[in-house]
Amino acid sequence: MSLFRLDASILPASSASRALADLVEAEWTASHPDSTVTRRDVAADPVPATAWTDAVTSGFMDAAQRTERQNEARALATTFADELIGADALLFAVPLYNYGVSQHFKTWFDLAYTDERINPTGTALQGKPATLVTVLGGNYAAGTPKEGWDHSTGWLRRVLEDVWGLDLRVVQRPFTLVGVNPALDAFTDTARELKETAETDAVTYGREIAALRGTEVA
């Protein structure tokens, strides 16, 4: 049994997304104490910005003509795909940054997506249980002043759920900047409630993905 975990927070010591992902992972480990956890921190170890271009352009030439950088990009894409395919369940912790998806996650996804096993013609990840943890400094839900400003969560769901076909659960915690930004002090109680809800969801979904794989293996 194995779990693949990806983190994208640039502030690991105070990361709300990591804290929630820890709860998911703890439930997985409790159910599968002998399992392995493969970790990839795309913020601490970013994917080279040129890797996606190198991997894509290498597909238009013979292998003998590829540069060393192109070969390295292809090998890295294979490694990413192997990590995803080889795991029994997946966990992604990806914060909202500047109203959009984390650049580190996007660069990782783009390169992984060049592997033919998980590109539009590949189905190697279809139905694999997964949890996405995402956190937002503000609150962009329906009815809020900045409704629609979250351009990350929808995209993440699209590529993980619809493109890769994962059996996806989403833990979302808004208002993580309450207590940090004084302008948000009026939302202290709401932020506390949202944090408690997200923590409950993280525990629940951690148990669910562990149980799904346990059922399949049995």
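Please read all numbers here as calculations on a predicted model, not as lab measurements.

Asker: Is there a simple way to think about the side chain of Arg5 in this case?
Answerer: As for its position among the elements, Arg5 is in strand S1 (residues 2–7). Using a relative accessible area of 3% as the deciding quantity, one classes Arg5 as buried. At 2.8 Å, the side chain of Arg5 and the side chain of Asp22 are in polar contact. There is a polar contact of 2.7 Å between the side chain of Arg5 and the side chain of Glu25. Ignoring anything within four residues of it in the chain, the contact list for Arg5 reads Arg18, Ala21, Asp22, Glu25, Val37, Thr38, Arg39, Arg40 and Leu91.

Asker: Help me understand the packing of aromatic side chains, please; the structure alone is not making it clear to me.
Answerer: How two aromatic rings sit relative to each other is given by the distance of their centres and the angle of their planes. Across all of its chains, the model carries 14 aromatic pairs by this definition. Residues Phe105 and Trp108 carry aromatic rings whose centres are separated by 5.2 Å and whose planes lie at 45° to one another, so their mutual orientation is tilted. One end of the pair, Phe105, and the other, Trp108, are both in helix H4 (residues 103–112), three residues apart, so they sit about a helical turn from each other. Just as Phe105 is buried, Trp108 falls in that class too. Grouped by ring-pair contacts, the aromatic residues Phe4, Phe80, Phe92, Phe105, Trp108, Phe109, Tyr113, Trp155 and Trp164 constitute a single cluster.

Asker: Honestly, helix H3 (residues 68–86) in this entry has me stumped. Any pointers?
Answerer: With 19 residues, H3 ought to run about 27 Å at 1.5 Å a step, and its terminal C-alpha atoms sit 27 Å apart, in line with that. All buried positions along H3 are accounted for by Gln70, Ala73, Ala77, Phe80, Ala81, Glu83 and Leu84. One face of H3 carries all of its buried residues, which in axial projection span an arc of 155°. Exposed side of H3, more than 90 degrees from the buried face: Glu68 and Gly86 are the residues found there. Looking at the buried positions of H3, the neighbouring elements they touch are S1, strand S2 (36–41), helix H2 (51–58), strand S3 (89–93) and H4.

About the cut-offs
Residue indices begin from 1 for each chain and proceed along its sequence in written order. Only residues with pLDDT of 70 or above have their local features reported here, since the model is predicted, and side-chain atom pairs are shown and tallied only from 80 upward, although totals for entire chains, interfaces and linings are computed over all residues. To obtain the side-chain values, all non-hydrogen atoms of the structure were included, while hydrogens and water were left out. In this text, helices come from DSSP runs of H or I with a minimum length of four residues, and strands from runs of E with a minimum of two, each type numbered from the N-terminal end. Only protein chains enter the area calculation, which uses a 1.4 Å probe; residues under 20% of their type maximum are buried, those over 50% are exposed, and those in between are partly exposed. Between N or O atoms, a polar contact is any pair within 3.5 Å; within protein, one atom must be a potential hydrogen donor and the other a potential acceptor, and residues adjacent in sequence are included only when both atoms are from side chains. Whether two residues touch is decided by their heavy atoms; if any such pair falls within 4.5 Å, the residues are in contact. Pairing of aromatic rings covers Phe, Tyr and the six-membered ring of Trp, with a centre-to-centre limit of 6.5 Å; geometry is then stacked below 30 degrees between planes, edge-to-face above 60, and tilted otherwise. What a helix is expected to span follows from its residue count: subtract one and scale by 1.5 Å. Starting at the helix axis, one direction is taken to each C-beta atom, and the arc is that of these directions.

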